[in-house]
Amino acid sequence: MTSDAATATSTPRTTAPPEGTGPDQEPPALGLGTSLPPADARAKTEGTFPYAADLWAEGLLWAAVLRSPHPHARIRSIDTTGAAGMPGVRAVVTHEDIPGDGSYGRSIVDRPVFASELVRHHGEAIAAVAADHPDTARLAAAAITVDYEVLEPVTDPEKAFAAEPLHPDGNLIRHIPLRYGDPDTVGEVIVEGLYRIGRQDPAPIGAEAGLAVPRPDGGVELYTASTDPHTDRDLAAACFGLDPERVKVVVTGVPGATGDREDPGFQIPLGLLALRTGCPVKLAATREESFLGHAHRHPTLLRYRHHADADGRLVKVEAQILLDAGAYADASSESLAAAVAFACGPYVVPHAFIEGWAVRTNNPPSGHVRGEGALQVCAAYEGQMDKLAAKLGIDPLELRERNALATGDILPTGQTVTCPAPVAELLGALRDFPLPVLPKDAPEDEWLLPGGPEGAGEPGAVRRGVGYALGMVHMLGAEGADEVSTATVRVHDGVATVICAAVETGQGFTTLARQIVQETLGVEEVHVAAVDSDQPPAGAATHGRHTWVSGGAIERAAKMVRTQLLQPLAHKFGMSTELLQIADGKITSYDGVLSTTVTEAMDGKELWATAQCRPHPTEPLDEAGQGDAFVGLAFCAVRAVVDVDIELGSVRVVEMAVAQDVGRVLNPAQLATRIEAGVTQGIGAALTENLRTARGIIRHPDLTGYALPTALDAPDIRIVKLVEERDVVAPFGAKAASAVPVVTSPAAVASAVRAATGRPVNRLPIRPQAAVAAARS
């Protein structure tokens, strides 16, 4: 998907205001609860915001990477003499130039920077070139001669179990057998289904780019759109054979990220070339290189069997989940844990038996993409709920309400849901929200047919469908991940500065940081410092963790500064600091005796404090898939309304109604944008986005062959209800906002297409021929 800002504002929408705001409730002038605009909004709108692709340095060289045309091959030899001898070429590097085994990985170190003996996926890096002109670099890379012995690729994940090992670690990355309850339990009604989820690409609005600059001490600085600079630094340093202190990662403008900028495979060749040449080296990837190089959403095969009683209450769920990890492990272990843990959805299931596997193949690599693991199973279990409702003759929404999870219930992993879980309330909000008018009730010239205004369809062939889905995601890392962030808040001359290595990826964190300091200290002007790896670590920008962990660290640091500010005043007037409050830049006492401004109280002093935030620990899932693996959960309910042309198979999403569990609204406008962007990304996964491969080779790795939703595809997105039931263990009580609508929306669209056609829809994205075949059968 494109960046959130670009996606969410692509077409006008009408949304309901978040709860807690309205014409009779004036929001505070500063701080949390206001729709403070991003500080960089104007620069991004005017095109003056500096992104990684805009970087420049004196004496700059350009890099190009040679990539394999084969998904599986043995490398007999690599001849770089032709490239190295070309005029203008300054360096050529291969696996032989990397210390040690030259591999990296975030959880499992299994991916080489450059292939040495084997190529394991189409587009795998073989070598890199630095030259004085980008065209020279590309020509030199093409001049490298590689002698391949082409091997038969393993592209079917089901065949990977019996295939020859593709990697020294084998083909099986992880197996999770979840066992919960009595395996002999059988329901009165049973429905089964086989589901396939395609390969969605993040397709960021700006492709990968970066600049590496050598340092006088023999180290290197990497200027990239990193979302986790400290991990990227450590991985790069290991590949360079340097101590981490001699490698610095400086975060440049991130042009949107949905979990796709965590792979340092674009950064490491840059650093190697800079170290080899002693010159700054820049790489700006083409769209094709971006598709070939970064990770995608896991294609997934899911087999399900649901058991229920005669009233539709779930008795047992059985499932087999197979994730295609591609050539390397990346985030597959974490994605599989989420898929298995959430395989039953936000429903009460007394007995569950889930088998989950993640396997290596010769397909493109899979990794973090927003809602990984949870999106795939949501499409499957909601397909099962539709089948069950049809078999029992129960309204699909009513069936979901009968089985809705609530606080105090137990997940199939054995973990008790201690956070707010207002699932039934979300469904009730959708039930009460009116449906859009039918075409027969609207003027014909206002009715958009599936396929667009100039589509070839006929009104008589269009059927409308309404579908529902419930989704859930976990927040922060899972299974024992040490989540911690550090922040410093400094105030001087009425201006506050926040230093925190949490990266702004389009999720609005820097705006939130400003609001936290405004509310705590009453200082209107707040600046957030640029991020680099010399700052204390804050972790990756995934799973809404920066709102919780980094926001919590900023709040604690700001409160420490607040105490430093108020203590002299409290001492002077003989009262405790708790009796003083800061609001709108003024400090007042409970009795009105003290009233002064924050600036006057500062009296030219500089105050600062540093604090950390670390949530309560989690634990890995055990050999039966049991354990308290998650810090918190977030839920969402979506109702989709679609029009389907049953002759052409085209689908138009008319409306998406969203009810979401958000904990607390911190920035109403920003929250609405995040939800709208997530829904739009989910629509892409449902209808158009599928990075297709043929025997492991990516077909059409460009934006003409990979169909992203455009402004004309974006429907009306109605935010029906935002449930503000605060999670008491989370700073501010807020929950992650953007991943759960991505997870839920594809399942809702599929449900609506089922309702329109009367036939199962078991594959995402939904293919036009499938809708035609279903309608004609």
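Before reading further, recall that the structure is shown in the block above.
Bear in mind that the values here come from a model prediction, so they are computed numbers and not experimental data. (Residues numbered from 1 in each chain as written. Predicted model: local features only at pLDDT ≥ 70, side-chain atom pairs only at ≥ 80, totals over all residues. Heavy atoms only, no water.)

Undergrad: Teacher, can you tell me more about a negative patch on the surface here?
TA: Where like charges cluster on the molecular surface, the negative patch consists of Glu619, Asp622, Glu623 and Asp628. Inspection of the secondary structure puts glutamate 619 in the loop between β25 (606-613) and β26 (630-645). What makes glutamate 619 partly exposed here is its relative accessible area of 38%. (Patch = residues over 30% accessible without salt bridge, like charges linked within 9 Å, V, L, I, M, F, W, Y side chains within 5 Å. Areas by Shrake-Rupley, 256 points an atom, 1.4 Å probe, with all protein chains shown as cover. Salt bridge = Lys/Arg side-chain N within 4 Å of Asp/Glu carboxyl O. Lys, Arg positive; Asp, Glu negative; His and termini not counted. Charge placed at Lys NZ, Arg CZ, Asp CG, Glu CD. Helix = DSSP H or I, 4+ residues; strand = E, 2+ residues; numbered from the N terminus. Buried < 20%, exposed > 50% of the residue type's maximum accessible area, 1.4 Å probe, protein only.)

Undergrad: Could you clarify how one ought to interpret the side chain of serine 745 in this entry?
TA: For serine 745, the position within the fold is in helix α16 (residues 739-757). Looking at serine 745, the relative accessible area reads 0%, which means it is buried. Polar contacts involving the side chain of serine 745 include one to the main-chain carbonyl oxygen of proline 741, which spans 2.7 Å. Every residue in contact with serine 745, bar those within four places of it in the chain, is listed here: Val638, Met656, Val679 and Gly682. (Polar contact = N/O pair within 3.5 Å; in protein donor to acceptor, adjacent residues only side chain to side chain. Contact = heavy atoms within 4.5 Å.)

Undergrad: I would appreciate a short explanation of the packing of helix α5 (residues 229-240) against helix α6 (residues 267-277) in the present structure.
TA: A pair of packed helices is characterised by two quantities: the angle between their axes and the separation of those axes. Contact geometry of α5 with α6 gives a least axis separation of 10 Å together with a crossing angle of 50°. Our classification of the angle between α5 and α6 gives oblique. Pair α5 / α6 crosses with right-handed handedness. Within the contact between the two elements, α5 uses Asp232, Ala236, Cys239 and Phe240 and α6 uses Gln267, Ile268, Gly271, Leu272 and Leu275. Here the contact of α5 with α6 is composed, by residue class, of six nonpolar, two polar and one charged. (Axes fitted to C-alpha atoms, helices over the stretch in contact; angles between N-to-C directions. Parallel < 35°, antiparallel > 145°, perpendicular 65-115°, else oblique. Left-handed = near helix turned anticlockwise from the far one by under 90°. Nonpolar A, V, L, I, M, F, W, Y, C, P; charged D, E, K, R; others polar.)

Undergrad: What should I look at first to understand unusual backbone geometry in this one?
TA: Note: most peptide bonds trans; most residues except glycine with negative phi. The omega torsion of the bond from leucine 764 to proline 765 falls at -5°, within 30 degrees of zero and hence cis. Tracing the backbone through its elements, the reader meets proline 765 in the loop between β31 (763-764) and α17 (768-776). Located in the positive-phi region is leucine 476, a residue other than glycine, with phi close to 65°. By the secondary structure assignment, leucine 476 is in strand β18 (residues 462-478). The phi dihedral of arginine 695 falls on the positive side, at around 55°, and the residue is not glycine. Looking at the element boundaries, arginine 695 is found in the loop between β28 (693-694) and β29 (697-698).

Undergrad: Is there a simple way to think about the pairing of strand β15 (residues 300-308) in this case?
TA: Here is the key point about a regular strand: its side chains alternate between the two faces of the sheet. A large share of β15 lies buried, amounting to seven of its nine residues. Bridge count between strand β10 (residues 189-197) and β15: nine bridges; the pairing is antiparallel. What sits directly across from isoleucine 197, in β15, is threonine 300. Judged from the nine bridges that link them, β15 and strand β16 (residues 314-326) form a sheet pairing that is antiparallel. The residue of β16 that forms the bridge with histidine 306 is valine 317. As consecutive antiparallel partners, β15 and β16 are separated by five residues, and within that stretch glycine 312 has a phi angle of approximately 90°, a positive value. (Pairing = 2+ DSSP bridges.)

Without other data, these values stay purely geometric and don't point to any function.
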